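# Close look at the chain arrangement
Given next are the chains, with one letter for each unit.
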Amino acid sequence: MLEFLTEFPSLGRSDLSAFKQGIDEGFRTFSRAYGEALEAFFNPLLKFLVWFEKVLTHTPWPIVILVIALITWLGARSWKITIGAVLSLLLIGFMGMWEDTMATLAMITVATLVCVAVGIPIGILMSRSDRAQSIVTPILDVMQTIPSFVYLIPVVMLLGIGKVPGLIAVCIYAIPPIVRLTNLGIRLVDKDVMEAADAFGASSREKLFGVQIPLALPNIFAGVNQTIMMALSMVVIASMIGVKGLGTQVLRAIGNQYLALGLMNGLAIVALAIIFDRVSQTYGKRLQAYRETGHD
């Protein structure tokens with residue numbers, strides 16, 4: 001009796017070993033059977049990522065800075081944020097981190113586009129179905145809490161080392177906020193507004209695209225903002241499976257104890273995060289102000 005209280009009942013060592021081996025063998029069988037098909041499925045995404053990275057790295061740097069400054073101005077409508085973005089990029093280039101920064105920028109941009117393209121429809125589905133919400137929410141909880149190193153294992157087993165596994169790992173980690181906030185934003189749309197849309201005879205599709213999504217845009221952009229921040233936080237971990245960029249240099253600095261190299265590349269990631277954060281936040285606030293003005 002005392003032994004039962006002091007030692008937790010568990011599977012025997014041989015049974016536990018057989019259980020783990022069964023899982024490993026099952027996944028290896030799945031990987032051998034469907035690995036090539038998955039690689040072919042993700043090949044267009046790889047081509048687009050490689051093309052976009054080449055565009056950023058081979059375009060003359062003044063043009064890249066000018067385009068980023070223009071996008072920053074259109075998003076934030078703030079000279080302070082625009083000048084800050086330009087100065088940050090000039091400093092990054094001056095410190096010899098331009099190519100790595102462009103590779104990271106390409107990865108984050110493509111990852112964000114994938115998260116938006118996949119996450120917003122899932123968020124819309126969740127907002128329209130309580131059953132879908134009850135199914136998807138625990139999955140999102142697992143994606144947000146499981147250590148990122150754990151899901152690197154199956155991704156690498158299926159697709160090997162390279163850009164696509166890194167991109168998938170970044171997307172798995174970064175997609176939950178856009179899904180959650182799209183769902184929340186649509187569910188928070190005023191019921192009186194929806195009743196008015198019903199009174200005017202709007203169809204379900206018209207209500208979604210003409211009323212709910214426009215009113216939920218501030219929440220959706222808050223989700224995009226959080227997704228970008230989480231994607232940037234995955235840069236260093238993604239570099240462990242072959243994603244080139246600033247994360248590779250941080251990893252190298254950790255391995256060789258190069259303080260200056262780690263700080264410089266880390267601050268470059270911070271600079272990118274601040275630019276993305278300020279632009280998306282300011283744009284979201286402008287949408288919120290526009291919505292409130294529209295209501296008034």
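Relevant structure appears above.
The present account deals with the structure reproduced in this document. Note that residues are indexed from 1 along each chain, following the sequence as it is written. Where local features are concerned, this predicted model is filtered to residues with pLDDT of at least 70; where side-chain atom pairs are given and counted, the filter is 80 or more; whole-chain, interface and lining totals use all residues. Only hydrogens and water are removed before side-chain values are computed, so all heavy atoms of the structure are retained for them.

Numbering of helices and strands runs from the N terminus, with a helix taken as a DSSP run of H or I at least four residues long and a strand as a DSSP run of E at least two residues long. Across its full length, the protein holds 14 helices and zero strands. Each helix (α) and strand (β) of the protein, taken in turn from the N terminus, gives the series α-α-α-α-α-α-α-α-α-α-α-α-α-α. Relative to its full complement of 296 residues, the protein shows a buried share of 40%. In this description, contact between two residues means that some pair of their heavy atoms is separated by no more than 4.5 Å. Taking as baseline every contact in the protein between residues at least 6 positions apart, the subset at least 24 positions apart corresponds to 78%. Only protein chains enter the accessibility calculation, which uses a 1.4 Å probe; a residue whose area is less than 20% of its type maximum is buried, one above 50% is exposed, and one in between is partly exposed.

Lines fitted to the C-alpha atoms define the axes, with helices restricted to the stretch that makes contact. Angles between their N-to-C directions range from 0 to 180 degrees. One can describe the packing of helix α5 (residues 98-128) onto helix α11 (residues 204-233) by two numbers: an axis separation of 9 Å at closest approach and a directional angle of 140°. The pairing of α5 with α11 is recorded here as oblique in orientation. Relative to α11, the crossing made by α5 is right-handed. Facing Thr-104, Ile-108, Thr-112, Cys-115, Val-116, Ile-120, Ile-124 and Arg-128 of α5, the residues of α11 in contact are Ser-204, Leu-208, Gln-212, Ile-213, Ile-220, Val-224, Thr-227, Ile-228, Ala-231 and Leu-232. For classification purposes, an angle smaller than 35 degrees is called roughly parallel, one larger than 145 roughly antiparallel, one from 65 to 115 roughly perpendicular, and anything else oblique. Handedness of each helix crossing follows the sense of rotation of the near helix against the far helix: counterclockwise by less than a right angle gives left-handed, clockwise gives right-handed.

Okay, the nonpolar core next. Counting 57 residues, the largest nonpolar core has Leu-56, Ile-178, Val-179 and Leu-232 as its most contacted members. With 12 residues, α5 is the single largest residue contributor to this core. Not counting the four nearest positions on each side in its chain, Ile-178 is found in contact with Cys-115, Gly-119, Ile-120, Ile-220, Gly-223, Val-224 and Thr-227. In this text, buried Ala, Val, Leu, Ile, Met, Phe, Trp, Tyr and Cys residues form a nonpolar core when linked through side-chain atoms within 4.5 Å.

With that settled, consider unusual backbone geometry. If a residue is not glycine, its phi is most likely negative; likewise, a peptide bond is most likely trans. Of note in the backbone geometry, Arg-77 takes a positive phi value of approximately 50° without being a glycine. Structurally, Arg-77 can be placed in the loop between α3 (61-76) and α4 (79-94). Under the relative-accessibility criterion, Arg-77 is labelled partly exposed at 46%. The backbone of Gln-257 sits at a positive phi, close to 55°, despite the residue not being glycine. Along the chain, Gln-257 falls in the loop between α13 (246-256) and α14 (259-295).

The next thing to look at is the side chain of Ser-78. Tracing the backbone through its elements, the reader meets Ser-78 in the loop between α3 and α4. The exposure class assigned to Ser-78 is buried, which follows from its relative accessible area of 17%. Two N or O atoms form a polar contact when they lie within 3.5 Å of each other; inside protein one atom must be a possible hydrogen donor and the other a possible acceptor, and for residues adjacent in sequence the pair counts only when both atoms belong to side chains. Of note is the side chain of Ser-78, whose polar atom sits 3.3 Å from the backbone nitrogen of Ile-81.

Next up on the list: the pattern of salt bridges. Whenever Lys or Arg places a side-chain nitrogen within 4 Å of a carboxyl oxygen from Asp or Glu, that contact is recorded as a salt bridge. According to the stated counting rule, one finds six salt bridges in the structure shown. Between Asp-130 and Arg-187 there is a salt bridge, with its nearest N and O atoms 2.9 Å apart. Separated by 57 residues along the polypeptide, Asp-130 in helix α6 (residues 130-145) and Arg-187 in helix α9 (residues 176-187) bring together distant segments of the chain. Judged by its relative accessible area of 53%, Asp-130 is exposed. Residue class for Arg-187 comes out partly exposed when judged on its relative accessible area of 33%.

Axis separation between α5 and α6 bottoms out at 6 Å; the angle between their running directions is 130°. Of the possible angle classes, the one that applies to α5 and α6 is oblique. Along its contact with α5, which presents Ile-122, Leu-125, Met-126 and Arg-128, the element α6 presents Asp-130, Ala-132, Gln-133, Val-136, Thr-137 and Leu-140. Note on residue categories: nonpolar means Ala, Val, Leu, Ile, Met, Phe, Trp, Tyr, Cys or Pro, charged means Asp, Glu, Lys or Arg, and polar means any other residue, Gly included. For the contact of α5 with α6, the residue count by class is six nonpolar, two polar and two charged.

Each disulfide consists of a covalent bond between the sulfur atoms of two cysteine residues. Any pair of cysteine sulfurs within 2.5 Å is marked as a disulfide. If you walk through the whole model with that rule in mind, you get zero disulfides. Left without a disulfide partner, Cys-115 is nearest to the cysteine sulfur of Cys-171, which lies 4.0 Å away.

The subject of this paragraph is the environment of Pro-154. Along the chain, Pro-154 falls in helix α7 (residues 148-159). With 117 residues separating them along the chain, Pro-154 and Ala-37 place their C-alpha atoms 15 Å apart.

Along the chain, the position of Pro-147 falls in the loop between α6 and α7. Here Pro-147 falls in the partly exposed class, since its relative accessible area comes to 47%. Counting along the chain gives 15 residues from Pro-147 to Ala-132, while the straight-line C-alpha distance between them is 25 Å.

For the rest of this paragraph, the subject is the packing of aromatic side chains. Where two aromatic rings form a pair, the distance of their centres and the angle of their planes describe that pair. In summary, the pairing rule links any two rings of Phe, Tyr or Trp, Trp by its six-membered ring, whose centres are within 6.5 Å, and it sorts them by plane angle into stacked for under 30 degrees, edge-to-face for over 60 and tilted for everything else. Enumeration according to the criterion identifies seven aromatic pairs in this entry. Here the aromatic rings of Phe-41 and Phe-42 are separated by 5.1 Å at their centres, their planes lie at 80°, and the arrangement is edge-to-face. When its relative accessible area of 61% is taken as the criterion, Phe-41 is described as exposed. Relative to Phe-52, the ring of Trp-51 lies with its centre 6.5 Å away and its plane at 35°, an arrangement referred to as tilted. Joined through ring pairs, the aromatic side chains of Phe-27, Phe-30 and Tyr-34 make up one cluster.

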